[in-house]
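# Report on the structure
As a plain string of letters, each chain reads:
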Amino acid sequence: MKISPVVFCLVSILIFNACSKTEELVTIERPEQTLFGSRKPEAIRAWLDDHKDIAQVYFGTTTFGKDTALVNELLKRVNDKELDVLYKQVNAEFGTLGDVQDQLSEAFNRMHENFPDFRPPRVVTMVSGFMGPDLIISDSLVVIGLDYFAGPEAKYRPKGLPAYILRRYQKAFIVPTVLFALSERFNKTNQQDQTLLADMVYYGKSYVFTKTMLPSTPDSLIIGYTDQQLTQTNNVQEDIWAYFIDAQLLYEVSPAIKNRYLSERPFTAEISSKSPGAIGRWLGWRIVRKYYDEKEPGIKALMDNANARQIFEQSGYKGFKDDKE
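Residues numbered from 1 in each chain as written. Predicted model: local features only at pLDDT ≥ 70, side-chain atom pairs only at ≥ 80, totals over all residues. Heavy atoms only, no water.

## Observations regarding the pairing of strand S2 (residues 122–126)
Of all the five residues making up S2, four are buried; the element is thus mostly covered by neighbouring parts of the structure. Inspection of the sheet shows S2 paired to strand S4 (residues 141–145) by five bridges, in the parallel sense. Paired with Val-123 across the bridge in S4 is Val-142. (Buried < 20%, exposed > 50% of the residue type's maximum accessible area, 1.4 Å probe, protein only. Helix = DSSP H or I, 4+ residues; strand = E, 2+ residues; numbered from the N terminus. Pairing = 2+ DSSP bridges.)

Encoded structure:
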């Protein structure tokens, strides 16, 4: 079978209302195991009818077991020998998913401690030969496309992606990506402030949130830079900051200009070929982390603060390295 991925470059996010019950532990459901045991049309139809919420958000169907085209496609895939190879490699890579489950439990417990209204979403996995997206993250449901994250040794990998993005499709990136996406619901913003600084602080708050909920997770997994990129960028941050100041970028409102410093790119050409893409996000993290470490507002107060300029000014950030680095 020729596996053609429908690629969503970290991350495809759908927002729903929270409805699940608060739990201390996360139990990751594995509905793809039942799906791959469904070798006949009637079994596929029954699976779709039994998993309507997943089928709707992951496969985009609203007719479920009556969706003949989807039933036939899934039937072909679960009986395909090549997809079975990928499925076995996914199972070998992830095992029982105990480590992912433990990470999510730890993070969700911290989230509930700091945001008492938080209700952990239901977490499920899927394998479909890249038929659905990599991740779907909402307040009530998280769907993890495990085939995307099988790692560099997998026989089949998502196609059409640049190396700097494909590198992140590994198990270690799943939980930080989920937490970063979930931070959106807590990250208050001033919609009237359309400056690059406001966007930078927004990203910075979400990175600080993710690090607070996953304190043992390396920064490289949170922002998606390599260790080498992080070290090099930290070492020249005074130059990066000087560039932003000299180019008068902080209060820039042009979407095209802002996009140069916030979007995924192999590098930020305007600065140098060694400056990673999305450098404005990284710089926003530096600003917010300095504010958070020195002012100690607590994570809820930080996320509730929609005044990006106040956070920046009170951070005192001037592009200097932290002593602890």
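## Things to note about the pairing of S4
Across the five residues that make up S4, a large majority, five, are buried. Side chains Leu-141, Val-143 and Gly-145 of S4 all project onto a buried face; the interleaved residues Val-142 and Ile-144 project onto the opposite face, where all are buried too. Between the end of strand S3 (residues 135–137) and the start of S4, which pair antiparallel, lie three residues.

## Description of the environment of Ile-279
When you line up the elements, Ile-279 lands in helix H14 (residues 279–295). Taking the C-alpha atoms as reference points, Ile-279 and Glu-264, separated by 15 residues in sequence, lie 9.1 Å from one another. Contacts of Ile-279, omitting those with residues within four sequence positions, involve Tyr-225, Thr-233, Ile-240, Phe-244, Tyr-261, Thr-268 and Ile-271. (Contact = heavy atoms within 4.5 Å.)

## Focus: the side chain of Ser-183
As for its position among the elements, Ser-183 is in the loop between helix H8 (174–182) and helix H9 (196–213). Its relative accessible area of 0% is what places Ser-183 among the buried residues. Looking at Ser-183, its side chain comes within polar contact range of the side chain of Ser-206, at 2.8 Å. If we ignore the near neighbours within four places in the chain, the residues touching Ser-183 are Ser-206, Phe-209 and Met-303. (Polar contact = N/O pair within 3.5 Å; in protein donor to acceptor, adjacent residues only side chain to side chain.)

## Concerning the nonpolar core
By size, the foremost hydrophobic cluster in this structure holds 99 residues, and its most contacted members are Leu-104, Leu-179 and Phe-244. Examining the composition of this core, we find that ten residues originate from one element, H9, more than from any other. When neighbours within four sequence positions are excluded, Leu-104 is seen to be in contact with Val-26, Ile-28, Val-123, Val-175, Val-178 and Leu-179. (Core = buried A, V, L, I, M, F, W, Y, C linked by side-chain atoms within 4.5 Å.)

## Notes on the packing of aromatic side chains
Given two aromatic rings, their pairing is described by the distance between the two centres and the angle made by the two planes. This structure, assessed with the given rule, holds 20 aromatic pairs. For the ring pair Phe-180 and Tyr-203, a centre distance of 6.4 Å and an interplane angle of 10 degrees mean the geometry is stacked. Placement of the pair is Phe-180 in helix H8 and Tyr-203 in helix H9, with a sequence separation of 23 residues. Given a relative accessible area of 19%, Tyr-203 falls into the buried group. These aromatic residues form a ring-pair network of at least three members: Phe-108, Phe-115, Phe-118, Phe-186 and Phe-209. The ring centre of Trp-285 lies 5.6 Å from the NZ or CZ of Arg-289, which sits over that ring. (Phe/Tyr/Trp six-rings, centres within 6.5 Å; stacked < 30°, edge-to-face > 60°. Lys NZ or Arg CZ within 6 Å of the ring centre and 35° of its normal.)

## Re the side chain of Thr-210
By the secondary structure assignment, Thr-210 is in helix H9. Among the residues examined, Thr-210 registers a relative accessible area of 0% and is labelled buried. Among all residues touching Thr-210, those that are not within four sequence positions of it are Pro-176, Leu-179, Phe-180 and Ile-222.

## Some remarks on the confidence of the model for the protein
Confidence in the prediction of the protein, expressed as mean pLDDT, is 91, and 91% of residues score 70 or more. With pLDDT under 50 throughout, residues 1–9 is counted as low confidence; its partners more than four residues away or in other chains account for 31 contacts. Taken as a whole, residues 11–23 scores under 50 in pLDDT and shows 40 contacts with residues more than four places along the chain or in a different chain. (pLDDT = per-residue confidence, 0-100.)

## A look at helix H2 (residues 41–50)
Along H2, the residues classified as buried are Ile-44, Trp-47 and Leu-48. Projected down its long axis, H2 carries its buried residues within an arc of 95 degrees, all on one side. Summarising the contacts, the buried residues of H2 are in contact with helix H1 (31–35), helix H3 (52–59), helix H4 (68–78) and S2. (Arc of directions from axis to C-beta.)

## Points about helix H6 (residues 98–114)
Here H6 contains 17 residues, and its C-alpha end-to-end distance of 24 Å stays within 8% of the 24 Å for a straight helix at 1.5 Å per residue. Those residues of H6 that fall on the buried side of the exposure criterion are Val-100, Leu-104, Ser-105, Ala-107, Phe-108 and Met-111. Contact partners of the buried residues in H6: S2, H8 and H9. (Expected span 1.5 Å × (residues − 1).)

## Some remarks on the pattern of salt bridges
Inspection of every chain in the model, using the stated rule, returns 18 salt bridges. Ionic pairing is found between Asp-99 and Lys-171, a salt bridge with its closest N-O pair at 3.0 Å. Remark: Lys-171 occurs in the loop between helix H7 (163–166) and H8 and Asp-99 occurs in helix H6; sequence separation between them is 72 residues. A salt bridge links Arg-309 to Glu-313, with the nearest nitrogen and oxygen atoms 3.1 Å apart. A residue pair is termed a helical-turn pair when its members lie 3 or 4 positions apart in one helix, as Arg-309 and Glu-313 do in helix H16 (residues 308–315) at four residues. The network of salt bridges with shared partners includes Glu-29, Asp-53 and Arg-122. (Salt bridge = Lys/Arg side-chain N within 4 Å of Asp/Glu carboxyl O.)

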